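Next come the chains, spelled out residue by residue.
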Amino acid sequence: MEPISERDIRSSFVNSSKGDAGRLSLPEMFDAVPWSDLDFFGWVDPKLAGRSYIVVPSGDCLRGIALRYKVGGPRTAQMCSICLTTHANGGVSLMAAAKAGESGRRGNTVGTYICSDLACSLYARKKKTPALGRQFKEDFDVETRTAAVEDNIAAFLARVLDWSTGGRGARAPIDDCAPML
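Residues numbered from 1 in each chain as written. Predicted model: local features only at pLDDT ≥ 70, side-chain atom pairs only at ≥ 80, totals over all residues. Heavy atoms only, no water.

Participant: What is the right way to look at the overall build of the chain in this model?
Facilitator: Each helix and strand counted, the chain has five helices and nine strands in total. Here the chain holds 181 residues, and 46% of them are scored as buried. Of the contacts formed within the chain by residues at least 6 apart in sequence, a portion of 58% connects residues at least 24 apart. (Helix = DSSP H or I, 4+ residues; strand = E, 2+ residues; numbered from the N terminus. Buried < 20%, exposed > 50% of the residue type's maximum accessible area, 1.4 Å probe, protein only. Contact = heavy atoms within 4.5 Å.)

Structure follows, in structure tokens:
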């Protein structure tokens, strides 16, 4: 992933008001983000418990998604549906995102199980290891694992945007997004 600015991040959110996007807190180590190791940028809000965010490159655009999760989730082993890493002791959370547009304003949401620290890209590249879990299908090469992360995060983004995927890799036209500079 190419480096992105704070301004680009704030303008990318598809399921938040401009005011909410303007008030969100970026991670403290924003200047040290390992951009070349990321398929998407995700972080837990350092000031609001139960809030996290994902910014996904989508074509020539960025799409940001605001997420909510229950703090103090289950303490059993679970698998992330994005990177297929298993974690013990709450390392995976069910994260819910309001759908984009009118559907989200009516209260409709979608959810998926994601690594609580949103470090899926680093787990896929084996640059980070789960404390007590393990990588699923560890015999896959890095390219296969990162392709799965990209496909799985794109599928979640499509659900938030209410896009019909129509098969692997199909994308709806991009009409309202934050262009990548």
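Participant: Help me out: how do you make sense of the pattern of salt bridges in this one?
Facilitator: Taken as a whole and judged by the stated rule, the model has seven salt bridges. Between D39 and R125 there is a salt bridge, with the nearest N and O atoms lying 2.8 Å from each other. Taken together, the positions of D39 in the loop between α2 (18-23) and β1 (41-44) and R125 in the loop between α4 (120-124) and β8 (134-135) put the pair 86 residues apart, joining distant regions of the chain. The pair D39 / R125 is uniform in exposure class, with both members buried. (Salt bridge = Lys/Arg side-chain N within 4 Å of Asp/Glu carboxyl O.)

Participant: Is there a simple way to think about the packing of aromatic side chains in this case?
Facilitator: Think of a pair of aromatic rings as described by two things: how far the centres are apart, and how the planes are tilted against each other in angle. All told, the structure shown has six aromatic pairs when counted by the stated rule. Ring centres 6.0 Å apart and planes at 85° place the aromatic pair F30 and W35 in the edge-to-face group. Exposure remark for F30: the relative accessible area of 16% places this residue in the buried category. A relative accessible area of 11% means that W35 is categorised as buried. The interplanar angle of 55° and the centroid separation of 5.9 Å between the aromatic rings of F30 and F41 together place this pair among those described as tilted. (Phe/Tyr/Trp six-rings, centres within 6.5 Å; stacked < 30°, edge-to-face > 60°.)

Participant: What am I meant to see in the layout of surface pockets here?
Facilitator: In this approach, a probe sized like a water molecule rolls over the atoms, and the result shows the empty space that is left. In this structure, the largest pocket encloses a volume near 400 Å³. Lining the largest pocket we find 24 residues, and of these N15, S16, D20, R51 and A66 sit closest to its centre. Of all the secondary-structure elements, those providing two or more residues to the lining of the largest pocket are α2, β2 (51-58), β3 (61-69), β6 (92-98) and α3 (101-105). The residue inventory of the lining of the largest pocket, partitioned by class, reads 12 nonpolar, six polar and six charged. (1 Å grid on protein atoms, 1.4 Å probe; cavity = no way out; pocket = protein on both sides within 12 Å on 5 of 7 lines; lining within 4 Å. Points joined across faces, edges and corners; volume = space filled by probe spheres on them. Nonpolar A, V, L, I, M, F, W, Y, C, P; charged D, E, K, R; others polar.)

Participant: Would you mind showing me how to read the pairing of β3 here?
Facilitator: Strand residues, when the strand is regular, have side chains that alternate between the two faces of the sheet. By the criterion of burial, β3 is predominantly enclosed, with eight of the nine residues buried. With eight bridges connecting them, β2 and β3 associate as antiparallel partners. Bridging across to β3, S52 finds its partner in L67. Connecting β2 to the antiparallel partner β3 that follows it, the hairpin turn spans two residues, and G59 within it adopts a positive phi of roughly 65°. Bridge count between β3 and β6: two bridges; the pairing is antiparallel. Bridge pairing in β6 links Y69 to M95. (Pairing = 2+ DSSP bridges.)

Participant: I would appreciate a short explanation of the nonpolar core in the present structure.
Facilitator: Soluble, globular proteins show a tendency: their nonpolar side chains are buried together. Judged by nonpolar contacts, the single largest core of 46 residues is most densely connected at I9, F13, F41, W43 and I114. Looking at this core, the elements that each hand over two or more residues are β1, β2, β3, β6, β7 (109-115), α4 and α5 (142-161). (Core = buried A, V, L, I, M, F, W, Y, C linked by side-chain atoms within 4.5 Å.)

Participant: I would appreciate a short explanation of α5 in the present structure.
Facilitator: Residues separated by three or four positions in an α-helix point in the same direction, a consequence of the helix having 3.6 residues per turn. Compared with an ideal rise of 1.5 Å per residue, which puts 20 residues at 28 Å, α5 spans 28 Å between its outermost C-alpha atoms and is within 8% of the ideal. Every buried residue of α5 is accounted for by R145, T146, V149, I153, A154, F156, L157, A158, V160 and L161. Phi for D162, located one or two positions after α5, is positive at around 65°. (Expected span 1.5 Å × (residues − 1).)

Participant: Looking at this structure, how should I read the state of the cysteines?
Facilitator: Any covalent bond linking the sulfur atoms of two cysteines counts as a disulfide. Using the criterion set out here, one finds zero disulfides in the structure. Among the cysteines around C120, which has no disulfide bond, C80 carries the closest sulfur, lying 3.6 Å off. With relative accessibility at 0%, the residue C120 sits in the buried group. (Disulfide = S-S within 2.5 Å.)

By themselves, these are just geometric observations and shouldn't be taken as functional.
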